Amino acid sequence: MTSLIPDTSDNPSPRIWAVGGGKGGVGKTVITANTAISLAQQGKRCVVLDLDLGGANLHTVLGIPDPDRSLSDFLSRDVNSLAETMSPTPYPNLYFISGSRAILEIANPKFSQKEKLIRHITSLDVDYVLLDLGAGSAFNTLDFFLSADEGILVVLPEPTSVENAYHFIKAAFYRKLKKATRRTGVAEAIDRAMEEKVARGIQSPRALINNVLQINPEAGHALEEEVRSFKPNIIVNQARRHDDHELGTDMVQACQDYFGINIRNLGHIDESDSLREAVRLRKAVVDAFPVSSFTRAIHSIVRNLLEAREGST
Amino acid sequence: MSTDMLSKDYKMLDLDQKATAKEARRAYHRMKALYSEGSLATYSLMTAEQRDEMLNDIERAYMRISRVIDSQLPTPESPVSPEDAEAPVPHEQGESIGAYLKRRREDLGLTLRDVAAKTRVRTTYLEHIENERLSDLPAPVYLRGFVLEFARVLGLPDPESFTAGYLELLDEEDV
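Just so we're clear, the structure is a prediction, and the values are computed from it rather than from any experiment.

What counts as what
Residues numbered from 1 in each chain as written. Chains lettered and ligands numbered in written order. Predicted model: local features only at pLDDT ≥ 70, side-chain atom pairs only at ≥ 80, totals over all residues. Contact = placed C-beta atoms within 7 Å. Helix = DSSP H or I, 4+ residues; strand = E, 2+ residues; numbered from the N terminus. Nonpolar A, V, L, I, M, F, W, Y, C, P; charged D, E, K, R; others polar. Domains from an automatic or database assignment. Axes fitted to C-alpha atoms, helices over the stretch in contact; angles between N-to-C directions. Parallel < 35°, antiparallel > 145°, perpendicular 65-115°, else oblique.

Break down the interface of chain A and chain B for me, with residues and values.
Taken residue by residue, the interface counts 11 residues in chain A and 8 residues in chain B. Elements with a minimum of two residues in the side of chain A that touches chain B: helix H7 (159–184) and helix H12 (244–259) of chain A. Tallying contributions element by element places H12(A) first for the side of chain A that touches chain B, with 6 residues. Within the side of chain A that touches chain B, the residues separate by chemical class into 8 nonpolar, 1 polar and 2 charged.

As structure tokens, this is what we get:
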């Protein structure tokens, strides 16, 4: 599967962007698909991988029938490499891996299977891999989120969605800490800090780190390092009111104040009719309505993500 | 005041140490709104007590920062420093006395309800006072106390003469 457009990236292994969100129905799939098309339109070779197992419908958003090959064939070893499950899409540079029949296998994959999948994802011969994660904050979802170069959370301007997003951020953060402690040996300090939870009233990651710093400064600094490298992104979707546009920056501030975690606000997407209309036309919005506010928002989000990379390296 | 504490205050409001009074006020409003009771971004993060504590911290940080900024300026502009009593009531051009109260209150990030809680004057009266809806105001004997409390809570430099000025307004209007 080769492209006519030359690979301009210096890095042979693809950048991975994972799109999640604590809640179902927040627009993860639509945003993933349109972000991928926006990248593909810029000449980047992309694969979108549907890991939304409860309701895999990425193919519908891309306007194609569910392909014969899927992730399931890879997990059950019917094919040897993940690349063989890639299907073309109507969009140049954009490929698709269906997850629709992989529900059983991936709902509870063995550790080795998950590691193998992540390994294969990072060795795909493309520039970008976009993962459409399922709802919820199960360990598997968190692991895919954490394995990505950029983790992206979609939030609606609703109390439940915001609450879920915070829950996801916290869960991902603790998961990351736990994985890190296997390497740095700070597990004991964390466990001790968590045991003293009631006595010391630990509620936030920042408080946890402060507590570990007291118990074991070295371990505390290792944790601080982990915090620095944890920078999830958020997108506020279906913004309706002017206040909704402030939600992203408000959440950045609140995460900093309350968790001691830096998150990045990628921007907001206003609610619009172009989405419904595009699905009816069996096209993606950025393709069907290139000058809509939705499309402009997606392009801006992609720009922010690309700039974020430049800023961080 | 230790510089350490002050730098914490600036951090609290996410402000640069060179911030102007206007920037400080804007940051203060932003943080107050972010941690107010109905805030979407923080509502699920904290208990009522933690929220109150946070709001108090913000309040104190802003007060300290305002003092520092005021001390650097020839004309004190900070709302929360009644000791600077020499400052005349800075009416803006063409601004009515009620509108001034309202602006002052909003500058402090206070809702009518906040003021009502502190003054024990009902929000409807506070609103009438701000809007100078004279026919709906209580008898002057009560009104005097209401306006005085209002002015005190807003930290106006001279609540007494402000209140006198407000009551004169009534005379002018012949109510």
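Next comes the rest of the account.
Got a sec to walk through unusual backbone geometry? Specific residues and values, please.
Note: most residues except glycine have negative phi, and most peptide bonds are trans. A positive phi angle, near 55°, is found at Gln238(A), a position not held by glycine. Mapped onto the secondary structure, Gln238(A) falls in strand E7 (residues 233–239).

Lay out the domain arrangement of chain B in plain terms, naming residues and giving numbers.
Here chain B is described as being made up of domain 1 (3–72) and domain 2 (97–173). Averaged C-alpha coordinates put domain 1 of chain B and domain 2 of chain B at centres separated by 26 Å.

Before we move on, can you summarise the packing of helix H6 (residues 123–131) of chain B against helix H7 (residues 140–153) of chain B with the specific residues and values?
The geometry of a pair of packed helices is captured by two quantities: the angle between their axes and the separation between those axes. All names here are of chain B. Interhelical geometry of H6 versus H7 gives an angle of 85° and a closest axis separation of 11 Å. Classified by the angle their axes make, H6 and H7 are roughly perpendicular. Between H6 and H7, the contacting residues are Tyr125, Leu126 and Ile129 on the first element and Phe146, Val147 and Phe150 on the second.

Got a sec to walk through the domain arrangement of chain A? Specific residues and values, please.
All names here are of chain A. With domains assigned, chain A is organised as domain 1 (15–155 + 272–312) and domain 2 (157–264). Tallying the contact residues gives 20 residues for domain 1 and 19 residues for domain 2. For the side of domain 1 that touches domain 2, a count of residues per class yields 12 nonpolar, 6 polar and 2 charged.

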